[in-house]
Amino acid sequence: VPQERGVGRGRQRAGGPGRRRMRSLPGGAVPMSSPPSRKLFPLLRLFRLLRLLPLFPLAAAMGQDTVGSKACSGCHTEIYRRYSSSSMSLSSGKVGAGPFRENWDRAKFSDTALHANYRVSMAPEGYRLEFSRADSGVHGQRLLGWFVGSGRVGRSYLSSLDGFLFQAPVSYYSLAGKWDISPGYQQHRFVHLTRAVGPGCLECHASGLQPVLGTQNRFGDPPFREGGVSCERCHGPGKNHIAKMFS
């Protein structure tokens, strides 16, 4: 006897009036309870879409057809929940945001080759980087407002001077649980604070970049509208899709 299509995949066999619905499973069919009434489906769909209404003014203010990944959560709740915890979703953002936390026990260190001292601490506006070189009298500080990297391996940090973004010479290394010199900075014979971060650097880590035309590394405030690689980076702008769901 030919095997019924869908057996072993959890598909349902059609039943006539008065018959209980059956689910095909390995080893035979078992009774299955009736699904929710189809009359509820439009109401559930409407409820999910109504949750997105507050996001439409945000999309209009951005002047774009993008609405942000949060808008996808109304109908794709489980997918959004899983993706929000992925490395791609957490690859950039404002310092202190999200579940990741740095270890502050080893936030003070020295670069023995350069004879430079560094210290990172929390501040109301972000993270504060203090640096000094006793042999040359150089000292100062920078405010680190943004991070790049999910934290699974480590994170780098960005400072902004009048909207111009620069990579900090210090990074956090998650496996070692400590702060240290950023990769590639060991070669410099000075405290390197002017490594420009342009759109070519950020576009792989953040979404909705706001670069200022005519500059190499100046951005609006904030420099990107959404941290991480957003849903719309792969699936395209969602404004028309959501509007279609409302129509």
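Residues numbered from 1 in each chain as written. Predicted model: local features only at pLDDT ≥ 70, side-chain atom pairs only at ≥ 80, totals over all residues. Heavy atoms only, no water.

Draft legend 1. Structural view of the overall build of the protein. When helices and strands are counted, the protein shows 6 helices and 14 strands. Going through the 247 residues of the protein one by one, you find that 33% of them count as buried. Of the roughly 15,600 Å² of accessible surface on the protein, a fraction of 56% belongs to carbon and sulfur atoms. (Helix = DSSP H or I, 4+ residues; strand = E, 2+ residues; numbered from the N terminus. Buried < 20%, exposed > 50% of the residue type's maximum accessible area, 1.4 Å probe, protein only. Areas by Shrake-Rupley, 256 points an atom, 1.4 Å probe, with all protein chains shown as cover.)

Draft legend 2. Fine view of the confidence of the model for the protein. In the predicted model, the protein carries a mean pLDDT of 80, and the fraction of residues at 70 or more is 74%. Low pLDDT, under 50, characterises residues 1-34; the predicted model gives this stretch 31 contacts beyond four residues in sequence or across chains. Here residues 52-63 is modelled with pLDDT under 50, and outside its nearest four sequence neighbours on either side it reaches 12 contacts, counting other chains as well. (pLDDT = per-residue confidence, 0-100. Contact = heavy atoms within 4.5 Å.)

Draft legend 3. Quick peek at the side chain of glutamine 167. Checked against the element boundaries, glutamine 167 lands in strand E10 (residues 164-173). According to the relative accessible area criterion, glutamine 167 is buried, its value standing at 14%. Beyond its immediate stretch of four places on either side in the chain, glutamine 167 contacts Ser156, Tyr157, Leu158, Ser182, Tyr185, Arg195 and Val197.

Draft legend 4. Looking closely at the pairing of strand E5 (residues 108-111). The side-chain alternation of E5 yields one buried face, formed by Phe109 and Asp111, and one unburied face, formed by Lys108 and Ser110. Connecting the antiparallel pair E5 and strand E6 (residues 116-123) is a turn made up of 4 residues, with histidine 115 showing a positive phi of about 60°. (Pairing = 2+ DSSP bridges.)

Draft legend 5. Fine view of the packing of aromatic side chains. In this structure the tally under the stated criterion is 9 aromatic pairs. Residue placement shows lysine 94 over the ring face of tryptophan 146; its charged tip is 4.9 Å from the ring centre. Over the face of the ring belonging to phenylalanine 147 we find arginine 155, whose NZ or CZ atom lies 3.5 Å from the ring centre. (Phe/Tyr/Trp six-rings, centres within 6.5 Å; stacked < 30°, edge-to-face > 60°. Lys NZ or Arg CZ within 6 Å of the ring centre and 35° of its normal.)

Draft legend 6. Representation of the nonpolar core within the structure. Among the nonpolar cores identified, the biggest contains 22 residues, and Tyr118, Tyr157, Val170 and Trp179 are the most heavily contacted of them. One finds Trp146, Val148, Leu165 and Phe219 within the second-largest nonpolar core, a separate group that totals 9 residues. (Core = buried A, V, L, I, M, F, W, Y, C linked by side-chain atoms within 4.5 Å.)

Draft legend 7. Focus on the environment of glycine 126. Checked against the element boundaries, glycine 126 lands in strand E7 (residues 126-133). For the pair glycine 126 and glycine 145, spaced 19 residues apart in sequence, the C-alpha to C-alpha distance is 5.1 Å. Ignoring anything within four residues of it in the chain, the contact list for glycine 126 reads Val95, Ser121, Leu143 and Leu144.

Draft legend 8. Examining the pairing of strand E9 (residues 154-161) more closely. Examined bridge by bridge, strand E8 (residues 138-148) and E9 share 4 bridges and lie antiparallel to one another. Bridging across to E9, leucine 144 finds its partner in serine 159. Hairpin geometry of E8 and E9 is characterised by an intervening segment of 5 residues between the two adjacent antiparallel strands and by a positive phi of about 120° at glycine 149. Bridge count for E9 against E10 is 7 bridges, and the pairing is antiparallel. Its bridge partner being in E10, glycine 154 is matched across the sheet by tyrosine 173. Counting the residues between successive antiparallel strands, the hairpin from E9 to E10 contains 2 residues, one of them, aspartate 162, with a positive phi of roughly 55°.

Draft legend 9. Representation of the environment of arginine 133 within the structure. In this structure, arginine 133 sits in strand E7. As a C-alpha pair, arginine 133 and phenylalanine 190 span 57 residues in sequence and 8.9 Å in three-dimensional space. Those residues in contact with arginine 133 that lie beyond four places of it in its chain are Leu114, His115, Ala116, Val138, Arg189, Phe190 and Val191. Among the polar contacts listed, one links the side chain of arginine 133 to the backbone oxygen of arginine 189, at a separation of 3.3 Å. (Polar contact = N/O pair within 3.5 Å; in protein donor to acceptor, adjacent residues only side chain to side chain.)

Draft legend 10. Structural context of the environment of asparagine 117. Relative to the helices and strands, asparagine 117 is located in strand E6. On the basis of relative accessibility, which here comes to 36%, the residue asparagine 117 falls in the partly exposed class. Taking C-alpha positions, asparagine 117 is 9.6 Å from valine 191, a pair spaced 74 residues apart along the chain. Polar contacts involving the side chain of asparagine 117 include one to the side chain of serine 110, which spans 2.6 Å.

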